[in-house]
Amino acid sequence: MPPAPAPRTQPDTARAPSTAPRALLTVSGSDRPGVTARLFAALAVPGDGLPPVEVVDVEQVVVHGQLVLGVVVGALPVEGGPVVDEAGFLAALGRLAGDVAAATGVRVQVESAADAGLDAAPPGRPHHVILLGRPVPPGAVAGAASAIAGTGGNIEAIRRLSDYPVTSFELTVSGGEATALRTALASVASATGADIAVEQVGLARRSKRLIVLDVDSTLVRGEVIDELAARAGRAAEVARITAAAMNGELDFAESLRARVAALAGLPVEVLDEVRAALVLTPGARTLIRTLKRHGFRCGIVSGGFTQVTDPLAEQLGLDFAAANTLEVADGRLTGRLVGEIVDRAGKARALARFADDYGIPLEQTVAVGDGANDLDMLGVAGLGIAFNAKPWVREQAHTALNQPYLDAVLQVLGFTRDEVLDAE
């Protein structure tokens, strides 16, 4: 005989009031097929003092074969029936828990939602906190947890995103304010050597569709102009100007003209030599390949030179590129530039232009760079990532990465190691 139909409950417009009892059921033990189904099948059939219930929240995780399942249920009033008291509700759930535990071999604990601290959600929008390191030291996790609690936040879930080339974990945090979280966690990152990023939970995080990468010291190792200067015998002079510009001590356009002037007379073939000697930052190809497989538009915006960046963009299959152009006459560099200078403001304009070309809102863009001339671009993008950047840049970017692998950007965007492998 099928079970008798459950008593008719009130429609959604008359759902259980906030004073109706709620409970947390925590299931733990060795994972096996059917545990979750058995629990919810039992909750679906009122009886033995258990009123009809609604499922308020569910979270489940399996760690190395060990199951932890949390279910919050609330009592639904029965039209014309008695008021459900919390003691009776918990007692009925306790009997149900015993039956489920006996049938499945797991532990099922029942407690009042109020006693479990579930009735009052922390204020503020939820965030993802991503910890990255090689390895992630326990002190970084402890420090992050303390910092989150100190800002009024609560860790609701932790999952591993990757174990190679960096180890990374994503903490889902309710409560806490973004600026306060970033400030507190930046101190933890500085003290422990781990990278810690903060991203707001929501569709915006995984709706990013365009990424712009700086080239020198981001997509590739080193600075192209320093390599050119070395061939002109002006390496030390140009390196000093480059360092001052990247640290924000000199106007970039002015410094660029001064450095380019030092290249006057170099044969144009030197550009081919430097381009051939470029070394990509580890993880660069993985980053680009993964994002393109997931529908991203990928490109570069550089304060360097088109004679180097355009072939690089073609080699990597990028969608767009912007850079400065060296003037050439009679097969030699003149020491001057032609066309619009791609400086700090020019990089931001290029990002906006490419986003507009593809019909992608700026809030769905990502920018990655390391120097002061990247700051406008990092600020305009929906997410600006300072990659192995100067301190002044790290402090002003949305988040910072100090790992040697460019594909660590994928974890900040929420991609797991499995998603990266699937894109290969």
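Residues numbered from 1 in each chain as written. Predicted model: local features only at pLDDT ≥ 70, side-chain atom pairs only at ≥ 80, totals over all residues. Heavy atoms only, no water.

Some details on the overall build of the protein chain
To be explicit about the condition: Numbering of helices and strands runs from the N terminus; a helix is a DSSP stretch of H or I covering at least four residues, while a strand is a stretch of E covering at least two. Only protein chains enter the accessibility calculation, which uses a 1.4 Å probe. A residue is then buried if its area is under 20% of the maximum for its type, exposed if over 50%, and partly exposed in between. Calculation of accessible area relied on Shrake-Rupley with a 1.4 Å probe; when residues are assessed, cover is drawn exclusively from the protein chains displayed. Charge convention: Lys and Arg are scored as positive, Asp and Glu as negative, and His as well as the terminal groups of each chain are ignored. The atoms used to mark charge sites are NZ of Lys, CZ of Arg, CG of Asp and CD of Glu.
When helices and strands are counted, the protein chain shows 16 helices and 15 strands. Seen along its three principal axes, the alpha-carbon backbone of the protein chain occupies a region of about 95 × 40 × 40 Å. Looking at the protein chain residue by residue over its 424 residues, the buried ones come to 46%. For the protein chain, the exposed surface amounts to about 19,500 Å²; the carbon and sulfur share of it is 52%. Side chains of the protein chain give 37 positive and 50 negative charges; the mean places of these two sets differ by 3 Å.

Section: a nonpolar patch on the surface
As a reminder, the rule being used: For patches, a residue must show more than 30% relative accessible area and have no salt bridge; joins then use 9 Å for like charges and 5 Å for nonpolar side chains, namely Val, Leu, Ile, Met, Phe, Trp and Tyr. Salt-bridge detection follows one rule: a side-chain nitrogen of Lys or Arg within 4 Å of a carboxyl oxygen of Asp or Glu.
A cluster of nonpolar residues, Val61, Val63 and Val68, forms a patch on the protein surface that exposes about 220 Å² of accessible area. When you line up the elements, Val61 lands in strand β2 (residues 53-63).

Quick notes on the pairing of strand β14 (residues 383-387)
Stated precisely, the cut-off is as follows: When DSSP finds two or more bridges between a pair of strands, those strands are recorded as paired. For a crossover, the right-handed case is the one in which the path from the first strand over the helix to the second runs clockwise, viewed with the strands pointing away from the viewer.
Here β14 lies mainly inside the structure; 5 of its 5 residues are buried. A two-sided burial pattern is seen for β14, the buried positions comprising Leu383, Ile385 and Phe387 on one face and Gly384 and Ala386 on the other. Alignment of strand β13 (residues 365-369) against β14, held across 4 bridges, turns out to be parallel. Each residue of the ladder has a partner; that of Gly369, found in β14, is Ala386. Taken together, β13, helix α13 (residues 375-380) and β14 form a β-α-β motif whose crossover is right-handed. Inspection of the sheet shows β14 paired to strand β15 (residues 399-401) by 3 bridges, in the parallel sense. By the bridge assignment for β15, Phe387 is matched with Leu401. Handedness of the β-α-β unit built from β14, helix α14 (residues 391-396) and β15 comes out right-handed.

Some remarks on unusual backbone geometry
Residue Arg134 is joined to Pro135 through a cis peptide bond whose omega torsion reads 0°. In this structure, Pro135 sits in the loop between β5 (127-133) and α3 (138-150). Omega for the bond connecting Tyr164 with Pro165 falls within 30 degrees of zero, at -5°, which places this linkage in the cis form. Even without glycine at this site, Asp48 takes up a positive phi of about 55°.

Regarding the side chain of Thr365
Here is the rule we go by: Two N or O atoms count as a polar contact when they lie within 3.5 Å, although within protein this holds only if one can serve as hydrogen donor and the other as acceptor, and sequence-adjacent residues are included solely when both atoms are side-chain atoms. When checking whether two residues touch, look at their non-hydrogen atoms; a contact exists if any pair is within 4.5 Å.
Residue placement: Thr365 occurs in strand β13. One polar contact links the side chain of Thr365 to the main-chain carbonyl oxygen of Leu362, over a distance of 2.6 Å. The contacts of Thr365, once residues within four sequence positions are left out, are Lys208, Leu210, Leu351, Ala355, Ile360, Ala381, Gly382 and Leu383.

Structural notes on the sheet that holds β14
Stated precisely, the cut-off is as follows: Every axis in this analysis is a line fitted to C-alpha atoms, fitted for helices over the stretch in contact. Angles between the N-to-C directions lie between 0 and 180 degrees.
If you walk across this open sheet you meet the 7 strands as β12-β11-β10-β9-β13-β14-β15, and the pairing is mixed. Among the strands making up the open sheet, the edge pair consists of β12 (332-338) and β15. For this sheet the average axis-to-axis angle between neighbouring strands, irrespective of direction, equals 25°.

Re the confidence of the model for the protein chain
What counts is decided by this rule: The predictor rates its confidence in each residue with pLDDT, a number between 0 and 100.
Summing up the model confidence of the protein chain, the mean pLDDT is 89 and the portion of residues at 70 or higher is 93%. Mean pLDDT across the elements of the protein chain ranges from a minimum in helix α5 (residues 203-206), with 70, to a maximum in strand β9 (residues 210-213), with 98. Low pLDDT, under 50, characterises residues 1-17; the predicted model gives this stretch 14 contacts beyond four residues in sequence or across chains.

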